[in-house]
Amino acid sequence: MLRECRDPARRIALLHEVTDWVIRLHKETAEQAAWTGVDVERWIRVPFAQFRDAFDPGEDVDRLLKVVELRAGELVGRALPSVRRHVDLGPWNIIRTAAGLGVTDWESAPNRPSSGRGLPVCDLDYFLKYWLHIVAERLQGSQAAPGATALFPSFGPLPEGDVRPYCIAARRMMRRYCTRLGIEPAFVPILSAYNWIEHALNRRARDEILEMTRGTDDPRLALVHELARHADGISDDPFAVLGPLDARRRIAIAAPFSLRGTASHGGARVIGDMASA
C-alpha cells in the first residue's frame, strides 16, 4: 500500500493511521509491570548471547550490546508494560479491508512467544524503520542522504536533507506512542536495539528452516552495524531533538477496533479498524 503511494501527504496520513492503530492495540492488551532483573536476562542478555553465537558481530556491535545490557540494568524498577506483539509489522503487512485498516501475517516469526506477548515499542519501531526506507527510496536523486539503512526512527541524530522532515515525523509518532502508553523515553533506545537483534535472529532462524544459504554479506548484520554507530546515544532522551511537547496540538480520537479470528486475507487473520463497520 505504501509503495504505491507517491503523495507525501498520504504517506504522512498513513504514518499517523498506523501509529494510532498500534497505540489502540497495545493499550487494549497492555499488562502493567515493573522492569526487573529477570526481564533484563530474558529479553536482553539471552538474545544478545544468541546473537553473538549466530553472527560474527565485530567490536563495534559487541560494544553496542554491552552498552545496551548495562543501560537495561540501570532501568530495573521502572514501569514497563508487556503488550500483544505482531513482530513483523512492516508496511507490506498493512492492507485496506472493507472494514478499514487491516494487518496480516500474525504467525510468521519463528521465535514468536506462544503467548503472543512481548515488549512494547518494537512493533512501531519496526514499522517506522521500513516506512522511512520506502520514503527514502522515493527521494533518491534528491538530497535523501544518508542511505535508508542508516535511518533509525527511534533514536540517534536526525539526518539533514530532504528525508529529515520524514525522520522528524517518525520520531514524533514514537513520542506519541510512548506518551499514550506511559513509557519512559529512556526505554526507547534499549527496546529499539533489542528489536533489531530480535529480527536478525528471527531471519536467521527462518533461513535455517527454509535451508537457505547464508551469504557473506548479511543485510541484517549490516543494519546492526549501522545501529552500533549510535551506541554512545543509548542513554540519551530520543525525543529531546523534537523540543518540548506542545500540549495544544490536536489529539486524534481513535475509532474502536476488534480482534477478529474469522476474517482473513491471503490466509492470514486480520485486525481491522471498525470505524466503518
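Along each chain, residue indices are assigned from 1 in the same order as the chain's sequence is written. Reporting of local features is limited, given that this is a predicted model, to residues whose pLDDT is at least 70; pairs of side-chain atoms are given and counted only at 80 or more, and all residues count toward the totals for whole chains, interfaces and linings. Side-chain figures throughout are based on the complete set of non-hydrogen atoms in the structure, without hydrogens or water.

Chemist: Explanation requested: the packing of helix α2 (residues 37–54) against helix α3 (residues 58–74) in the structure shown.
Modeler: Helix-helix packing: each pair is described by the crossing angle between the helix axes and the interaxial distance. Only the stretch in contact is used when fitting a helix axis, every axis being a line fitted to C-alpha atoms; angles between N-to-C directions are given from 0 to 180 degrees. In this description a helix means any DSSP run of H or I spanning at least four residues, a strand means any run of E spanning at least two, and both kinds are numbered starting from the N terminus. Between α2 and α3, the shortest axis-to-axis distance is 10 Å and the interhelical angle comes to 170°. As the angle between them shows, α2 and α3 are arranged roughly antiparallel. Of the residues in α3, those in contact with V40, I44, R45, F48, F51 and R52 of α2 are V61, D62, L65, K66, V68, E69, A72 and G73. Any angle that falls under 35 degrees is termed roughly parallel, while one over 145 is termed roughly antiparallel, one within 65 to 115 roughly perpendicular, and all others oblique. Note on contacts: a residue pair is in contact if any heavy atoms of the two residues lie within 4.5 Å.

Chemist: When you look at the side chain of H199 in this model, what are you seeing that I'm missing?
Modeler: The topology assignment puts H199 in helix α6 (residues 187–209). Each residue's exposure class comes from its accessible area (1.4 Å probe, protein chains only) as a fraction of the maximum for that residue type: buried when under 20%, exposed when over 50%, partly exposed otherwise. By relative accessible area, which is 8% here, H199 ends up buried. In this structure H199 touches V87 and Y126, once residues within four positions along its chain are discounted.

Chemist: Even after reading the chapter, I still don't get the packing of helix α1 (residues 8–29) against helix α5 (residues 164–181), so can you show me in this structure?
Modeler: Two elements in contact, α1 and α5, have axes separated by 10 Å at closest approach and are oriented at 20°. Regarding the angle of α1 to α5, the classification is roughly parallel. Remark: the crossing between α1 and α5 carries right-handed chirality. Residues P8, R11, I12, L15, H16, T19, D20, V22, I23, H26 and K27 of α1 lie in contact with α5, whose contacting residues are Y166, A169, A170, M173, R176, Y177, R180 and L181. Crossings are sorted by hand: turned counterclockwise from the far helix by less than a right angle, the near helix makes the crossing left-handed, and turned clockwise it makes it right-handed.

Chemist: It is not clear to me how the packing of aromatic side chains should be interpreted in this structure. Could you clarify?
Modeler: By convention here, two paired aromatic rings are described through the distance between centres and the angle between planes. Ring pairs shown here join Phe, Tyr and Trp side chains whose ring centres sit within 6.5 Å, with only the six-membered ring taken for Trp; geometry is labelled stacked below 30 degrees between planes, edge-to-face above 60, and tilted in between. Applying the stated criterion across every chain yields a total of 10 aromatic pairs. Centre to centre, the rings of W131 and Y166 are 5.9 Å apart; their planes meet at 55°, and the pair counts as tilted. Placement of W131 in helix α4 (residues 122–139) and of Y166 in helix α5 is noted, with a sequence separation of 35 residues between them. Residue Y166 is classed as buried on the basis of its relative accessible area, which comes to 10%. Grouping aromatic residues by their ring pairs yields a cluster made of W92, Y126, Y130 and W196.

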